[in-house]
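Residues per chain, in single letters:
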Amino acid sequence: MPSLAMLLDLLRGAGITVIVSGLAILAGVPLGLALAAGRTGQAPLIRSACALYSSFVRAVPVVTFVLLIYFGLPRLGLALNPLPAAILALVLNTAAFNCEIWRAAIRDFPSGQLEAARALGMTRRVAFWRVVFPQIWRASLPTLVNEMTLLVKASPAIAVIGVVELTRKTRQISAVTYEALPPLVLAAIIYGALLALLVAGARWLEHRLTKHLRTA
Amino acid sequence: MSNRFRTTICLAAAIFVSFISSASAASLEEIKKRGYMVVATEDDYPPFEYVVNGKPMGYDHALLAILRKSAPFEIRQEILPWQGILPGVASGKYDAAVSAAVITDERAKSLDFTMPISESTMAYVKRKGDDRIKALKDLSGKTLGVQQGGASFQVLPDLEAALKTTGGKLGQIAQYGAFSEAYQDLANKRLDAVIHNIVSLSTLISEKGATYELGERVGKKSYAAWAVQKGNNGVTSFLNAFLAEQKKNGNFKKLQAEHLKIAFDLPDQPLLPGDRPMK
């Protein structure tokens with residue numbers, strides 16, 4: 001039976017889910033933008049490096065990628081503890097997907113506006129921050145939020161290297177109680193609440209940041 | 001193929017090779033010098049290792065607590081799911097798996113084992129009152145639950161051979177990440193039986209005797225031991241010396257009775273299933 005003690009134990013796991021996913025989102029969104037800028041930029045080597053990265057990371061299952069980071073990086077001289085390795089893996093993963101979202105927005109951006117900005121004497125960099133970015137982030141936000149929810153739901157993959165997040169907690173609890181269902185039901189409710197908060201937060205942010213665009 | 005494309009492929013291949021080339025684990029001298037040993041334990045394997053409210057418990061943790069006191073270096077512990085433990089030891093990430101890993105022929109190829117810490121012969125468990133299964137031969141054609149990459153999976157050829165002698169055959173096999181899910185599916189009638197080691201099943205029956213019923217043993221007599229990377233003899237003998245000491249001073253049987261609810265007379269060296277010596 002679900003109990004208060006079980007709920008508290010699960011909430012500890014949910015805390016890890018929130019911290020890990022939250023950091024991955026905070027770092028992954030700008031990193032994705034940087035990758036998209038690289039992919040659509042003018043340096044050929046950077047273009048293909050960014051394309052290779054994005055294609056490779058999106059092709060590898062999250063759980064495999066987590067194992068690769070945790071067991072593979074020490075060979076390159078970077079031995080991370082499970083928690084930082086998990087965060088790094090999720091950052092690198094979500095950045096690849098965010099890269100594609102940003103890239104699509106950049107590609108669809110009306111080239112006339114950019115040409116006009118350049119004709120007015122703006123450098124590419126200034127034109128990007130003054131003209132392109134303020135428009136593409138609004139176009140990308142719904143898709144970015146969708147990717148964030150996917151990331152939260154992919155986060156149980158980090159359990160494979162010993163990070164006990166919400167789903168792993170359900171396993172630990174049911175291993176002792178021999179009943180898989182009660183913790184799973186509670187976990188599903190917690191995930192639902194977390195994602196509802198995430199989506200509501202994104203709506204609020206969009207509302208605040210676009211205030212100046214609305215007429216009273 | 002364009003030149004740039006070829007360069008990128010080569011680059012990717014080089015990165016991969018450097019990733020998968022095997023590194024060797026720390027030797028006992030290196031462990032002593034750096035001052036710590038890294039051991040991996042499981043988190044959902046009662047009564048050997050499990051976690052209650054974030055606290056690790058069970059037979060292996062009780063042994064580990066004694067090892068911590070006697071070892072001349074710090075023991076660092078990583079708690080992780082089964083699927084990551086043996087690959088982590090084989091790749092040198094952990095110096096030892098302080099987990100009840102069943103000694104199998106397959107594993108003996110890439111790992112060394114300490115002396116057994118428990119018997120670990122497989123058995124099956126069924127729903128209480130399921131009259132279709134009265135003996136081992138009745139498992140013919142039934143749907144069975146096992147653990148991915150676990151010894152319960154590796155015992156299936158033995159079971160198949162046993163069923164053949166009575167004209168039976170292996171039915172559908174469902175693989176699970178965690179046994180709690182297999183037990184749930186057994187209760188849900190999606191499975192007819194679950195195969196697991198006799199110790200874990202006895203613990204299940206002591207908790208949930210109203211739902212499940214223990215069946216016969218399956219396959220050859222086998223043992224569980226701690227695992228070390230192949231050829232890392234220093235670490236293996238260090239752990240063996242520790243276990244021999246616990247055997248001598250009586251801690252071994254005391255902890256078995258306390259945690260496993262059953263005490264075994266165990267051999268002093270690892271043995272392959274069917275009491276065969278290691279190759």
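Everything numeric in this text was worked out from a predicted model, so none of it was measured. (Residues numbered from 1 in each chain as written. Chains lettered and ligands numbered in written order. Predicted model: local features only at pLDDT ≥ 70, side-chain atom pairs only at ≥ 80, totals over all residues.)

A closer look at the overall build of chain B
The secondary structure content of chain B amounts to 11 helices and 16 strands. Against the 2.2 N^0.38 benchmark of 19 Å for 279 residues, chain B shows a C-alpha radius of gyration of 21 Å, consistent with a compact globule. Overall, chain B is about 65 × 60 × 40 Å in size when its C-alpha atoms are taken along their principal axes. Of the contacts formed within chain B by residues at least 6 apart in sequence, a portion of 77% connects residues at least 24 apart. (Helix = DSSP H or I, 4+ residues; strand = E, 2+ residues; numbered from the N terminus. Rg over C-alpha atoms; globule rule 2.2 N^0.38 Å. Contact = placed C-beta atoms within 7 Å.)

Here's the deal with the overall build of chain A
Across its full length, chain A holds eight helices and zero strands. Written out in order from the N terminus, the α and β elements of chain A read α-α-α-α-α-α-α-α. Per-residue burial over chain A gives 37% buried out of 216 residues. Residue pairs at least 24 apart in sequence account for 76% of intrachain contacts in chain A once pairs closer than 6 positions are excluded. (Buried ≥ 20, exposed ≤ 12 C-beta atoms within 10 Å, placed from the backbone.)

A few points about the interface of chain A and chain B
With 24 residues of chain A at the contact, the number on the chain B side is 31 residues. If you list the elements that add at least two residues to the side of chain A that touches chain B, you get helix 1 (4-40), helix 2 (44-59), helix 3 (62-72) and helix 7 (166-177) of chain A. Ranked by residues supplied to the side of chain A that touches chain B, first place goes to helix 7 of chain A with five residues. Here the residues of the side of chain A that touches chain B are counted per class, giving 14 nonpolar, five polar and five charged. (Nonpolar A, V, L, I, M, F, W, Y, C, P; charged D, E, K, R; others polar.)

Some thoughts on the domain arrangement of chain B
Residue and element names in this part refer to chain B. Each assigned domain of chain B is listed with its residue range as follows: domain 1 (23-119 + 222-274) and domain 2 (122-218). Here domain 1 and domain 2 have C-alpha centroids that lie 26 Å from each other. Those elements that place two or more of their residues in the side of domain 1 that touches domain 2 are helix 4 (82-90) and strand 8 (118-119). Taken together, the residues of the side of domain 1 that touches domain 2 sort by class into six nonpolar, three polar and four charged. (Domains from an automatic or database assignment.)

Section: the packing of helix 3 (residues 59-70) of chain B against helix 11 (residues 251-260) of chain B
Residue and element names in this part refer to chain B. Between helix 3 and helix 11, whose axes approach to 9 Å, the crossing angle comes to 145 degrees. Relative to helix 11, helix 3 is oriented so that their crossing is right-handed. Where helix 3 approaches helix 11, its residues Tyr59, Ala62, Leu63 and Ile66 are matched on the opposing element by Asn251, Leu255, His259 and Leu260. Among the residues making up the contact of helix 3 with helix 11, the classes are represented as six nonpolar, two polar and no charged. (Axes fitted to C-alpha atoms, helices over the stretch in contact; angles between N-to-C directions. Left-handed = near helix turned anticlockwise from the far one by under 90°.)

Some remarks on the sheet that holds strand 9 (residues 122-127) of chain B
All names here are of chain B. Across the sheet, which stays open at both edges, the five strands sit in the order 11-10-12-9-13 with mixed pairing between neighbours. Each edge of the open sheet is held by one strand with a lone partner, namely strand 11 (173-176) and strand 13 (212-218). Across the sheet, the axes of successive neighbouring strands diverge by a mean angle of 30 degrees, strand direction being ignored. By the bridge criterion, four bridges tie strand 10 (residues 144-147) to strand 11 in an arrangement that is parallel. Bridged to glutamine 147 within strand 11 is tyrosine 176. (Pairing = 2+ DSSP bridges.)

A word on the packing of helix 1 of chain A against helix 7 of chain A
Residues and elements named next belong to chain A. Interhelical geometry of helix 1 versus helix 7 gives an angle of 150 degrees and a closest axis separation of 7 Å. Looking at the two axes, helix 1 sits roughly antiparallel to helix 7. The chirality of how helix 1 crosses helix 7 is right-handed. Across the interface between the two elements, Met6, Asp9, Leu10, Gly13, Ala14 and Thr17 from helix 1 touch Leu166, Arg168, Lys169, Thr170 and Ile173 from helix 7. Class assignment of the residues belonging to the contact of helix 1 with helix 7 gives a composition of five nonpolar, three polar and three charged. (Parallel < 35°, antiparallel > 145°, perpendicular 65-115°, else oblique.)

Considering helix 8 (residues 179-187) of chain B
Residues and elements named next belong to chain B. Burial analysis of helix 8 places seven of its nine residues in the buried class, the great majority of the element. Those residues of helix 8 not exposed but buried are Phe179, Ser180, Glu181, Ala182, Tyr183, Gln184 and Leu186. Just downstream of helix 8, lysine 189 is the residue with a positive phi angle, here 70 degrees.

Digging into the sheet that holds strand 3 (residues 49-52) of chain B
Judged by pairing direction, the sheet is antiparallel, and its three strands sit side by side in the order 2-3-4 (chain B) without closing on themselves. Looking at which strands have only one partner, the edges of the open sheet turn out to be strand 2 (44-45) and strand 4 (55-57) of chain B. Looking at chain direction, strand 3 of chain B and strand 4 of chain B are connected through three bridges and run antiparallel. From the neighbouring strand, Val52(B) faces strand 4 of chain B, where its bridge partner is Lys55(B). On top of the sheet, helix 7 of chain A reaches strand 2 and strand 3 of chain B; it is set at about 110 degrees to strand 3 of chain B, its chief contact.

Structural notes on the pairing of strand 12 (residues 193-197) of chain B
All names here are of chain B. By the criterion of burial, strand 12 is predominantly enclosed, with five of the five residues buried. As paired strands, strand 9 and strand 12 are joined by five bridges and run antiparallel to one another. Residue methionine 122 lies in a different strand from strand 12, and its bridge partner there is asparagine 197. Taken together, the two bridges between strand 10 and strand 12 define a ladder with parallel strand orientation. Looking across to strand 12, one finds that leucine 144 is bridged to alanine 193.

Some thoughts on the confidence of the model for chain A
For chain A, per-residue confidence averages 93 on the pLDDT scale, and residues scoring 70 or more make up 100% of the total. The element-level mean pLDDT for chain A is lowest in helix 3 of chain A, coming to 90, with helix 4 (residues 82-108) of chain A highest at 97. (pLDDT = per-residue confidence, 0-100.)

Side note on the confidence of the model for chain B
Counting all residues, the mean pLDDT for chain B is 90, and 91% of those residues have values of 70 or more. Reported confidences for the modelled complex are a pTM of 0.80 and an ipTM of 0.71.

Digging into the environment of Asn233(B)
All names here are of chain B. You can see asparagine 233 is positioned in helix 10 (residues 233-248). Here asparagine 233 falls in the partly exposed class, since 13 other C-beta atoms lie within 10 Å of it. Separated by 121 residues in the primary sequence, asparagine 233 and aspartate 112 have C-alpha atoms spaced 8.3 Å apart.

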